[in-house]
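# Chains, contacts and geometry: an overview
If you want the building blocks of each chain, they are given just below.
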Amino acid sequence: MIFLTALPLFWIMISASRGGHWGAWMPSSISAFEGTCVSIPCRFDFPDELRPAVVHGVWYFNSPYPKNYPPVVFKSRTQVVHESFQGRSRLLGDLGLRNCTLLLSALSPELGGKYYFRGDLGGYNQYTFSEHSVLDIINTPNIVVPPEVVAGKEVEVSCMVPDNCPELRPELTWLGHEGLGEPTVLGRLREDEGTWVQVSLLHFVPTREANGHRLGCQAAFPNTTLQFEGYANPPVIVEMNTSVEAIEGSHVSLLCGADSNPLPLLTWMRDGTVLREAVAESLYLELEEVTPAEDGVYACLAENSYGQENSTVELSVMYAPWKPTVNGTMVAVEGETVSIVCSTQSKPDPILTIFKEKQILATVIYESELQLELPAVTPEDDGEYWCVAENQYGQRATAFNVSVEFAPMILLESHCSAARDTVQCLCVVKSNPEPSVAFELPSRNVTVNETEREFVYSERSGLLLTSILTLRGQAQAPPRVICTSRNLYGTQSLELPFQGAHRLMWAKIGPVGAVVAFAILIAIVCYITQTRRKKNVTESPSFSAGDNPHVLYSSDFRISGAPEKYESREVSALECH
C-alpha cells in the first residue's frame, strides 16, 4: 500500500498547466461516510484573453449538460439549488481564484453519483468540463486482508476509512483483535488524487486456531453518534452503476459486483421486493422496455457468513407528459370567480400552458401543476380552453370548456322589416342557459311565444338564440312589436325598430325628402299652367274684362302623409316664370 505524503501529482498538474485553456482538475472518485460531509477539491482554468469582471460557476449532479435539466448542486449566481441539496451544499473555494472546491453535508445514499462543474464567465463564455468526480457514500470501514494468509507467517491487515470531511474526523478502533497484537495508527494520509484517508495497521502471526476469527474495525466520529463497523472478509461491492438515465421504452442493464471470500449471495431488490439473486461475483438486472413505473431506487445486497454490504442505484426514466387532467369549477354565474387546475406527470417536469383562442392565459416552467383563476367572469370568458404540457420528449394537450351563466341580452341587430303584406321580426338574444322568447303586439293585445311554431321560428348557435316572428296580411301600417327574453337570471325587453319599404313614405324619406318632393310638385304645376296660358293666347290672345288668371292649390295634388304646413300654401300661375 503506497500513500503520497508529499505534494501529489493531482495538484502538481494544476500549477503546471495554468496557461490559458479551458480545463478542470478534481479527483475522479472520492468517498465519505453516510451522515458526514465531504469536500471535493476542484480547480479550473480558462483562456488568458478572457478577463471577466466576475467569475460564476455551477455544480451539476449526474449530467454535465444543462439541456438535460440535471439537478443543480450549487449555483453562485442565484443560490437556487435542487431540493435534494438545499442546505447541504456550499462552495469552499474562491471562483475568482479559479478554485471550485465543493462541500456537501449531511450525506445520504441518494447523493452518491457524478458531480460536474461548469464555469460561467458571462455571455457565451460558459463551459461545462467533462472532468468529474464520482462520490461514493459508504457505511462500513474498508478492511484489507492479504489474498493469502499462511499460519506462522506474519500478515498485515489494514483498516482504511475516508477522511474528506473537514468538519468531522474519524477515529479508528480494532474489534476482536485481543491476542493478535497492538495496532499501529498511521493517521491521516493523502492519496494520489488529492483525497485523504485514515489508516490503522495490525500486524500479527496467524495460527490455525485463528482460522475464521472475526476481526473488525470501527470508525467513530467524536461528539456525534456516528459509528461504522466492518469485518474481515465480508462482501464489498466493487462494481455498480451510480445512477442511470433512460428514455421510456429503452433497455436498461444494472450491474452489481462484489469481492468477498467466500463468494457472496448477490440480490437485486426494489422497495423490499427481490427481483433477482444468485451466488456469484457479479449479477446483472435486465429491464426491458422500461416504463415510468420502474423509475426509482434499486438496491444490491451482497452477503456471506462474515457480513453483508448493500448499495443503491437510482434509475431515472425520462418520458413525455401524460395527457393533462383538468379539475375545478367548469360552470359559473357571471361575476363569480373560476379556478381551474391543470396537472400532468412527466420527467423532466414539463412546461404547462393554458390558452383560449390562441391567447396564453397562464404558464409555468418545469412544474407538474398549473392553476388558472378567472375573477368576476363575464360571458366573454365562456368557451373552449386548452391545457398543453410539453418537454423535450413530447407534447400532450387537453381541451375543456368553461360555461358562464348570465341573464339574457337582446342584441342591437334585432329589428322588424316589412315587405308587401308580410312583416318579419328578428330577435337575437345572447344568454346562458337558453332563454324563452316572446313577441308582444301591444296595439292588438297579443303575445306570441316560441312554442307557436306557425308564427315563430327559433334557432340556437352557441350562446346566441335567434327567433323570427312572421305576420302575414298586414296591409295597414305595421304594429309595434316588443321582444321579451327571460331565464332564471333575469329578463330583458326591447321594442324592435322597423326597417324596409312598408312604412308610410314620409316616415321613410323624412322632412328633407318631403321638401324636395314638394318642390317637384310645384314645378309640375308651373309647367301645366304655362302650357294652358300659351293655348289660351293662341285661341284668344286677350283676356276679357273681369277674367282672372286660374289659380292651382297644392291640395289638388295631395300627397298622403305630407306635413300640414305644406298643404295650405297657394301657388299662383303668375309666380311661374
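Residues numbered from 1 in each chain as written. Predicted model: local features only at pLDDT ≥ 70, side-chain atom pairs only at ≥ 80, totals over all residues. Heavy atoms only, no water.

Where an unreviewed UniProt entry is consulted, the protein chain appears under the name Myelin-associated glycoprotein, with the organism given as Chinchilla lanigera. Comment text from UniProt for the protein chain, heading Subunit (unreviewed entry), reads "Monomer and homodimer. Interacts (via the first three N-terminal Ig-like domains) with RTN4R and RTN4RL2. Interacts with isoform 2 of BSG." Under Sequence similarities (unreviewed entry), UniProt gives the following word-for-word description of the protein chain: "Belongs to the immunoglobulin superfamily. SIGLEC (sialic acid binding Ig-like lectin) family." (UniProt positions renumbered as here; feature names shortened; annotations may be inferred.)

### Comments concerning the overall build of the protein chain
Looking only at helices and strands, the protein chain features three helices and 44 strands. Here the protein chain holds 577 residues, and 41% of them are scored as buried. Look at the contacts in the protein chain between residues 6 or more apart in sequence, and 62% of them connect residues 24 or more apart. On the protein chain, roughly 31500 Å² of surface is accessible, and the fraction owed to carbon and sulfur atoms is 51%. (Helix = DSSP H or I, 4+ residues; strand = E, 2+ residues; numbered from the N terminus. Buried < 20%, exposed > 50% of the residue type's maximum accessible area, 1.4 Å probe, protein only. Contact = heavy atoms within 4.5 Å. Areas by Shrake-Rupley, 256 points an atom, 1.4 Å probe, with all protein chains shown as cover.)

### With respect to the sheet that holds strand β26 (residues 325–328)
Across a sheet, paired strands are connected by hydrogen bonds in the backbone, their directions being either parallel or antiparallel. Across the sheet, which stays open at both edges, the three strands sit in the order β26-β28-β31 with antiparallel pairing between neighbours. Strands at the two margins of the open sheet, each flanked by one partner only, are β26 and β31 (369–374). Strand-to-strand twist of the sheet, defined as the mean angle between neighbouring strand axes without regard to direction, takes the value 20°. Sheet topology note: the strand β28 (residues 338–343)/β31 ladder contains six bridges and is antiparallel. Following the sheet pairing, Ser 339 is matched in β31 by Glu 373. (Pairing = 2+ DSSP bridges. Axes fitted to C-alpha atoms, helices over the stretch in contact; angles between N-to-C directions.)

### Brief notes about the confidence of the model for the protein chain
In the predicted model, the protein chain carries a mean pLDDT of 81, and the fraction of residues at 70 or more is 79%. Predicted confidence for residues 1–18 stays below pLDDT 50, and this span has 35 contacts to residues more than four positions away or in other chains. Ignoring residues within four places in sequence, the model shows residues 501–518, a span with pLDDT below 50, making 23 contacts including any to other chains. (pLDDT = per-residue confidence, 0-100.)

### Some words on the state of the cysteines
Taken as a whole and judged by the stated rule, the model has seven disulfides. A sulfur-sulfur distance of 1.9 Å marks the disulfide that ties Cys 427 to Cys 483. Sign of the S-S torsion, about -80° for the bond between Cys 427 and Cys 483, identifies this disulfide as left-handed. Here Cys 483 lies in strand β40 (residues 482–487) and Cys 427 lies in strand β35 (residues 422–432), a separation of 56 residues in the sequence. Across this residue pair, the class does not change: Cys 427 and Cys 483 are buried. (Disulfide = S-S within 2.5 Å.)

### Description of the environment of Gly 119
Tracing the sequence through the fold places Gly 119 in strand β9 (residues 113–120). For Gly 119, a relative accessible area of 0% translates into the label buried. Between the C-alpha atoms of Gly 119 and Cys 100, which are 19 residues apart in sequence, the distance is 9.1 Å. Apart from the residues within four sequence positions on either side, Gly 119 is in contact with His 56, Asn 125, Gln 126, Tyr 127 and Phe 129.

### Re the sheet that holds strand β17 (residues 227–231)
Pairing is antiparallel across the open sheet formed by three strands, whose spatial order is β13-β16-β17. Every other strand in the sheet has two partners, leaving β13 (171–175) and β17 as the edge strands with one partner each. The average undirected angle you get between the axes of adjacent strands in this sheet is 20°. Where β13 lies against strand β16 (residues 216–220), five bridges are found, and the strand directions are antiparallel.

### Quick look at unusual backbone geometry
Cis geometry is adopted by the peptide bond preceding Pro 348, which originates at Lys 347 and carries an omega value of 0°. One can find Pro 348 in the loop between β28 and β29 (351–356). Residue Pro 433 is bonded to the preceding Asn 432 through a cis peptide linkage, with omega at 5°. Mapped onto the elements of the fold, Pro 433 is located in the loop between β35 and β36 (436–441). With phi around 65°, Asn 223 is a residue other than glycine that occupies positive phi space. Among the secondary structure elements, Asn 223 is positioned in the loop between β16 and β17.

### Points about the side chain of Ser 346
Following the sequence through the fold, Ser 346 ends up in the loop between β28 and β29. You can call Ser 346 buried: its relative accessible area is 8%. Of the polar contacts made by the side chain of Ser 346, one reaches the backbone oxygen of Pro 348; its length is 2.8 Å. Sequence-distant contacts of Ser 346, that is, excluding residues within four places in its chain, are made with Tyr 319, Ala 320, Pro 321 and Asn 391. (Polar contact = N/O pair within 3.5 Å; in protein donor to acceptor, adjacent residues only side chain to side chain.)

### Things to note about the pairing of strand β41 (residues 490–495)
Where β40 lies against β41, six bridges are found, and the strand directions are antiparallel. In the sheet register, Ser 485 faces β41, and the bridge partner there is Gln 492. Counting the residues that bridge the hairpin from β40 to β41 gives two residues.

### Notes on the pattern of salt bridges
Close approach of charged atoms allows side chains with opposite charge to pair. Overall, the coordinates contain nine salt bridges when judged by the stated rule. A salt bridge links Glu 434 to Arg 460; the nearest nitrogen and oxygen atoms lie 4.0 Å apart. Taken together, the residues Glu 434 in the loop between β35 and β36 and Arg 460 in strand β38 (residues 456–461) connect sequence positions 26 residues apart. Of the residues examined, Arg 460 reaches a relative accessible area of 29% and is grouped as partly exposed. (Salt bridge = Lys/Arg side-chain N within 4 Å of Asp/Glu carboxyl O.)

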